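Chain and residue survey
Listed here are the chains, written in short residue letters.
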Amino acid sequence: MNTLVTGGAGFIGSTLVDRLLAEGHHVDVIDDLSTGSLANLTEARRATKEFTFHHADLRSPDVVDLIARRRPEVVFHLAAQADVRVSVARPAFDAEVNVVGSLHVLEGARSAGAAKIVFASSGGTIYGAVEPSHLPVKESHPQRPLSPYGVAKKVVGDYLYVYRELHELEFTALALANVFGPRQDPFGEAGVVSIFAANLLERRPCTIYGDGAQTRDFVYVDDVVDAFARAATRGSGLLVNIGTGVETSVNDLYATMASAAGVTARPKYAPARAGELLRSALDPGRAAIHLGWKPWTSIEEGTAAALRWFRSRSG
Ligand SMILES: NC(=O)c1ccc[n+]([C@@H]2O[C@H](COP(=O)([O-])OP(=O)(O)OC[C@H]3O[C@@H](n4cnc5c(N)ncnc54)[C@H](O)[C@@H]3O)[C@@H](O)[C@H]2O)c1
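Let us look at the structure shown here. As the structure is a prediction and not an experimental result, all values here were calculated from the model.

All right, on to the site of the ligand then. As a matter of local geometry, the ligand sits amid 28 residues, with D31, T35, D57, L78 and Y149 nearest to it. Burial of the ligand by the protein amounts to 92% of the accessible area it has alone, namely 820 Å². Of all the secondary-structure elements, those providing two or more residues to the shell around the ligand are α1 (11-22), β5 (116-122), α5 (148-167) and β7 (178-180). The element that contributes the greatest number of residues to the shell around the ligand is β5, accounting for 3 residues. Residues of the shell around the ligand, tallied by class, amount to 16 nonpolar, 8 polar and 4 charged.

Given below as structure tokens:
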């Protein structure tokens with residue numbers, strides 16, 4: 001199958017590229033390398049016949065023709081301005097990449113005659129503040145995003161319906177929980193696992209904002225990539241949560257990772273960040289029914305793999 005991955009040099013995208021190549025698919029990547037890196041594609045670039053990298057910015061209308069020419073059957077759209085705080089500081093820039101850039105991808109997929117687009121949405125932001133009684137949150141929950149980033153993800157979800165109705169371009173939107181694992185940037189804002197991993201291995205103190213009782217739904221990157229691969233042929237016309245349904249507090253995450261890294265020091269506590277969600281978890285029931293998907297990696301296994309990866313890079 002001919003596939004195209006936007007954001008394929010990033011953390012999740014490059015892991016998806018490796019999986020698609022391992023399954024024998026042809027993969028084109030579009031990425032501007034703004035947060036992604038060619039180092040993430042070292043293995044992929046060895047597959048010279050099956051893999052092509054295009055250095056391009058989704059904000060450019062040229063991307064429409066580029067996608068049309070490559071004639072992918074399935075487009076995996078993961079490229080994004082993925083930092084919530086940047087979206088608050090620079091909402092117009094966020095919309096240029098995440099809304100206008102996504103429209104260029106949709107237009108390209110339509111012109112290419114692609115059968116399907118699989119979109120990386122965000123379960124942590126599209127639903128907004130969820131009442132504790134509604135956790136883990138289901139896809140039927142109203143969408144009230146509280147950041148420009150969340151608005152952009154919601155709006156692209158709406159455009160996907162429009163393209164399905166107007167142009168018969170099939171879609172699945174995956175609402176991802178907090179993804180973690182090898183290749184996650186420890187300097188990004190979302191990657192608490194990689195920030196802890198980098199600090200623990202350097203024996204630097206880890207900082208927890210607030211009292212550490214805030215919870216997140218941590219899902220391992222290989223499990224997430226499995227959901228993308230399944231969504232190439234399943235879950236059409238749906239928004240599908242990709243999470244574990246389990247809340248893990250930041251304090252518990254620290255305890256698990258510190259013990260695996262052989263660190264006994266306590267974390268440092270700093271004032272809570274304004275606007276941070278207190279609790280978050282996604283109900284993965286729809287993914288089980290429509291994608292046949294379940295997360296299989298425990299937080300202990302996944303964080304151990306992240307620590308091994310960071311250790312191998314620093315060693
Ligand atoms: N990591 C998470 O926990 C998480 C959670 C929910 C949703 N998501 C979504 O999943 C997707 C992948 O996230 P990630 O964590 O791998 O982030 P990432 O920053 O590693 O990957 C994003 C990729 O998009 C590329 N990119 C950014 N702007 C671009 C542009 N204008 N043109 C072309 N390429 C551009 C970057 O260079 C990078 O390679 C994003 O859409 C993100 O919003 C991630």
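What follows picks up the thread again.
Note on helix geometry: an α-helix contains 3.6 residues per turn, so any two residues three or four positions apart are oriented the same way. Taking 1.5 Å of rise per residue, 12 residues should cover 16 Å, and α1 covers 17 Å from first to last C-alpha, within 8% of that figure. In terms of burial, α1 is a largely internal element, 10 of the 12 residues being buried. Among all positions of α1, only F11, I12, G13, S14, T15, L16, V17, D18, L20 and L21 are buried.

The subject of this paragraph is the packing of aromatic side chains. Scanning the model with the defined rule gives 5 aromatic pairs in all. Here the aromatic rings of Y161 and F171 are separated by 5.0 Å at their centres, their planes lie at 75°, and the arrangement is edge-to-face. A residue pair is termed long-range when its members are at least 10 positions apart, and Y161 in helix α5 and F171 in strand β6 (residues 170-176) qualify at 10 residues. Residue classification places F171 among the buried residues on the basis of a relative accessible area of 1%. Residues F180 and F218 carry aromatic rings whose centres are separated by 6.4 Å and whose planes lie at 85° to one another, so their mutual orientation is edge-to-face. Taken as a pair, F180 in strand β7 and F218 in strand β10 (residues 218-220) lie far apart in primary sequence, 38 residues in all. Residues F180 and F218 agree in their burial class; the two are buried. An aromatic cluster is built from F180, F218 and Y220, whose rings are joined through pairwise contacts.

A separate point is unusual backbone geometry. Omega for the peptide link from L135 to P136 comes to -10°, which places this bond in the cis form. Along the polypeptide, P136 turns up in the loop between β5 and α5. Of note, L33 is a non-glycine position whose phi angle comes to about 60°, a positive value. Residue placement: L33 occurs in the loop between β2 (26-31) and β3 (51-55). Of note in the backbone geometry, R203 takes a positive phi value of approximately 60° without being a glycine. By secondary structure assignment, the location of R203 is in the loop between α6 (192-201) and β8 (207-209).

Take α5 next. Its 20 residues give α5 an end-to-end C-alpha distance of 27 Å, which sits within 8% of 28 Å, the value for a rise of 1.5 Å per residue. Within the sequence span of α5, burial applies to Y149, G150, A152, K153, V156, G157, L160 and Y163. Taken end-on, α5 shows its buried residues confined to a sector of 160°, consistent with a single buried face. Facing away from the buried side of α5, by more than 90 degrees, are the exposed residues E165 and L166. Packing partners of the buried residues in α5 comprise α3 (84-89), α4 (91-112), β5 and β6. E168 sits one or two positions beyond α5 and adopts a positive phi of about 55°.

To continue, consider the layout of surface pockets. Taken as a whole, the second largest pocket spans an internal volume of roughly 190 Å³. In terms of lining, the second largest pocket is formed by P186, F187, I195, A198, N199, L201, E202, R204, F310, R313 and S314. Elements supplying a minimum of two residues to the lining of the second largest pocket: α6 and α10 (299-314). Looking at the lining of the second largest pocket element by element, the count peaks at 4 residues for α6. Considered class by class, the residues forming the lining of the second largest pocket number 6 nonpolar, 2 polar and 3 charged.

What counts and what doesn't
Note that residues are indexed from 1 along each chain, following the sequence as it is written. Local features are withheld for residues below a pLDDT of 70 in this predicted model, meaning they are given only at 70 or higher, and side-chain atom pairs are given and counted only at 80 or more; totals for whole chains, interfaces and linings count all residues. Here the side-chain values reflect all heavy atoms present in the structure, with hydrogen atoms and water set aside. Residues are classed as near a molecule or strand on a simple rule: at least one heavy atom within 4 Å of it. The method behind every accessible area is Shrake-Rupley, applied with a 1.4 Å probe, and residues are considered shielded solely by the protein chains displayed. Note on conventions: DSSP H or I runs of at least 4 residues are helices, E runs of at least 2 residues are strands, and numbering of each starts at the N terminus. As a working rule, the residues Ala, Val, Leu, Ile, Met, Phe, Trp, Tyr, Cys and Pro are called nonpolar, Asp, Glu, Lys and Arg charged, and the rest polar, with Gly in that last group. In this scheme, a helix's expected span is set at 1.5 Å multiplied by one less than its residue total. Type-normalised accessible area, obtained with a 1.4 Å probe on protein chains alone, sets the label of each residue: buried when under 20%, exposed when over 50%, and partly exposed for intermediate values. Aromatic rings from Phe, Tyr and Trp, taking only the six-membered ring of Trp, are treated as a pair when their centres fall within 6.5 Å; an angle between ring planes under 30 degrees marks them as stacked, one over 60 as edge-to-face, and anything in between as tilted. As used here, the arc is the angular range of directions from the helix axis to the C-beta atoms. In this analysis, two residues are considered to be in contact whenever any of their non-hydrogen atoms come within 4.5 Å of each other. The way it works is a 1 Å grid over only the protein atoms, where trapped points that fit a 1.4 Å probe form a cavity and open points with protein on both sides within 12 Å along at least five of seven lines form a pocket, and then any residue with an atom within 4 Å of a point lines it. Grid points are joined across faces, edges and corners, and a volume is the space filled by probe spheres set on the points.

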